[in-house]
Structure formats: C-alpha cells, structure tokens
Amino acid sequence: MTQIEQITGTGIPLRGNDIDTDRIIPARFLKCVTFDGLGEQVFADDRAALEGRHPFDQPQYQGATILVVNRNFGCGSSREHAPQAIARWGIKAVLGESFAEIFFGNCVAIGIPCLTATSGVVEQVQAALEADPSAAITLDLASQTVQFGSKTETIAMPEGVRQAFLAGTWDACGQLVANAEAIRATAAQLPYVAW
C-alpha cells in the first residue's frame, strides 16, 4: 500500500466557486472505455472559451501537481472521470475551501488527497501561486499544514481519511487484492458461502 504523508510541488490556482464535474470533464468525453487521454481534455470547454487564458493552458502552470480551488469544487454529477482527468493531467493533491462529497470520495479512491482550508488561507495560496508560479508548496497530512513561501497555515481533512492516507490503506481495491488469501480463508469458514 502507498502511504501519502506529504505532497510538495508547484501549484495551479483555479479560482471560482461551484466548479462542477461537467466543467472539469465535459460529458462528451465520458464515452471512453478507459481513462486514458482524459488529462488532455480536462476543462476542455472552459479552456476553449478562454482561448489559452485558462490556468491549465498557461505555460507557467504546466507541470503543477497541486490544484488550489475555492468552494464546493467537484459538485454536480458523480462521474469518477472528473478526478481521473485531473490526475491524468498531473495533479496529485487538491487544496480548497470545500469539496462535493462524491467528488471527494472519488479522489480518495484513486489516491488524491483533498484538503480544506479557510477561504482566507486558500486566497493567500492562490495569490502566492499567481505571484510566483515556480514556488513550491507543501501539503503535510501529518501536521495538517500547508507551507508556501515563508508561511505555514492550517489545513484539514476528515480524520478517518487522513489516517487512511498516512497508513496507506486508502486503496480499497488494493486492500482486497493484498488480503485475498485471508478473505478466501474467512469465506471458506462461512456456512452460506460456496465456491
């Protein structure tokens, strides 16, 4: 299992409340059999409308691994394609004011920590990234802090999910595969299970 204790990298500020999954990955891209290629289509319609001015198109943010968003990010439909598209673009963690519950769960399922902070802290981080896109930021799940420039601020994550990331038990499918023999042994002892 992969433990995730800290994520350090450059960040990409994406301003705006209530950015829904239809904007993150438009419905026409949901026909895929695998998630391959979704990274190139992340925010496709927003990017087209902004003609190169969208943060995901700007050269200074290419290679960023931490997305910094505002309130209710990932609302709307429950498509798992949205976190997959973000991950395949290269994002490894998201810091925001709040997240839609299903989006949050879908991110956890693929190993993307979604951490929250106050609107003031998020604004500071976004402003810092806009002022210096090459500056690294660190999200520390153990200490529940974000470090950017000379500042360290408090961030949060539900305790059970945070512990799962720290222990490396966030991957439910991986847990099943890793414990297949123990599962078979338990099932063999149950009178109502027949293989």
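To keep things clear, this report deals only with the structure shown in the data block. (Residues numbered from 1 in each chain as written. Predicted model: local features only at pLDDT ≥ 70, side-chain atom pairs only at ≥ 80, totals over all residues. Heavy atoms only, no water.)

### Side note on the overall build of the protein chain
Inference 1: For the protein chain, the count of helices and strands is 9 helices and 7 strands.
Inference 2: Projected onto its principal axes, the C-alpha coordinates of the protein chain cover approximately 65 × 40 × 25 Å.
Inference 3: In the form shown here, the protein chain has an accessible surface area of approximately 9,700 Å², with 53% of it arising from carbon and sulfur atoms.
Inference 4: If the 13 positive side-chain charges of the protein chain are averaged to one point and the 21 negative ones to another, these points end up 4 Å apart. (Helix = DSSP H or I, 4+ residues; strand = E, 2+ residues; numbered from the N terminus. Areas by Shrake-Rupley, 256 points an atom, 1.4 Å probe, with all protein chains shown as cover. Lys, Arg positive; Asp, Glu negative; His and termini not counted. Charge placed at Lys NZ, Arg CZ, Asp CG, Glu CD.)

### Structural notes on the nonpolar core
Inference 1: I24, L67, F73, L95, F103 and V125 are the most contacted members of the largest nonpolar core, which has 56 residues in total.
Inference 2: Beyond its immediate chain neighbours, meaning those up to four positions away, F73 contacts L14, I19, I24, F43, L67, I86, S98, F99, A100 and F103. (Core = buried A, V, L, I, M, F, W, Y, C linked by side-chain atoms within 4.5 Å. Buried < 20%, exposed > 50% of the residue type's maximum accessible area, 1.4 Å probe, protein only. Contact = heavy atoms within 4.5 Å.)

### A short note on the pattern of salt bridges
Inference 1: Applying the stated criterion to the full structure yields 7 salt bridges.
Inference 2: A salt bridge links E123 to R15; the nearest nitrogen and oxygen atoms lie 2.6 Å apart. Pair noted here: E123 is in helix α6 (residues 119-131) and R15 is in the loop between β1 (6-13) and α1 (21-24), with a separation of 108 residues, a long-range link.
Inference 3: For E159, the salt bridge identified is with R162, shortest N-O distance 3.0 Å. Here the residue E159 and the residue R162 both occupy positions in helix α7 (residues 159-167), the gap between them amounting to 3 residues, near one helical turn.
Inference 4: By relative accessible area, which is 41% here, E159 ends up partly exposed. (Salt bridge = Lys/Arg side-chain N within 4 Å of Asp/Glu carboxyl O.)

### Here's the deal with helix α5 (residues 101-109)
Inference 1: Within α5 the residues assigned to the buried category are F103, F104, N106, C107 and V108.
Inference 2: Looking at the buried side of α5, the elements it contacts are α1, α4 (81-89), β4 (114-116) and α7.
Inference 3: Taken from the residues just after α5, G111 is the one with a positive phi, measuring 85 degrees.

### Describing the sheet that holds β1
Inference 1: One open sheet accounts for 7 strands, arranged β4-β3-β2-β1-β5-β6-β7; its pairing is mixed. The open sheet has two edge strands with one neighbour each: β4 and β7 (151-154). Adjacent strand axes in the sheet meet at a mean angle of 30 degrees when their direction is disregarded.
Inference 2: In this sheet, strand β2 (residues 66-68) lies alongside β1 in parallel orientation, the contact comprising 3 bridges. Considered in β2, the bridge of I12 is made with L67. (Pairing = 2+ DSSP bridges. Axes fitted to C-alpha atoms, helices over the stretch in contact; angles between N-to-C directions.)

### Remarks on the environment of T2
Inference 1: Structurally, T2 is set in the segment before β1.
Inference 2: Spatially, the C-alpha atoms of T2 and G168 are 4.7 Å apart, while their sequence positions differ by 166 residues.
Inference 3: If we skip the residues at most four places from it in the chain, T2 touches F165, G168 and W170.

### Some details on the pairing of β7
Inference 1: In the sheet, strand β6 (residues 145-148) pairs with β7 via 4 bridges, with the strands oriented antiparallel. Each residue of the ladder has a partner; that of Q147, found in β7, is T152.
Inference 2: Here β6 hands over to β7 after 2 residues, with G149 in that stretch at a positive phi of 60 degrees.

### Brief notes about unusual backbone geometry
Inference 1: Phi angles above zero are rare outside glycine, and D18 is one such case at about 60 degrees.
Inference 2: Along the chain, the position of D18 falls in the loop between β1 and α1.
Inference 3: Residue class for D18 comes out partly exposed when judged on its relative accessible area of 38%.
Inference 4: With phi around 55 degrees, Q144 is a residue other than glycine that occupies positive phi space.
Inference 5: Summarising the element assignment, Q144 is placed in the loop between β5 (136-140) and β6.

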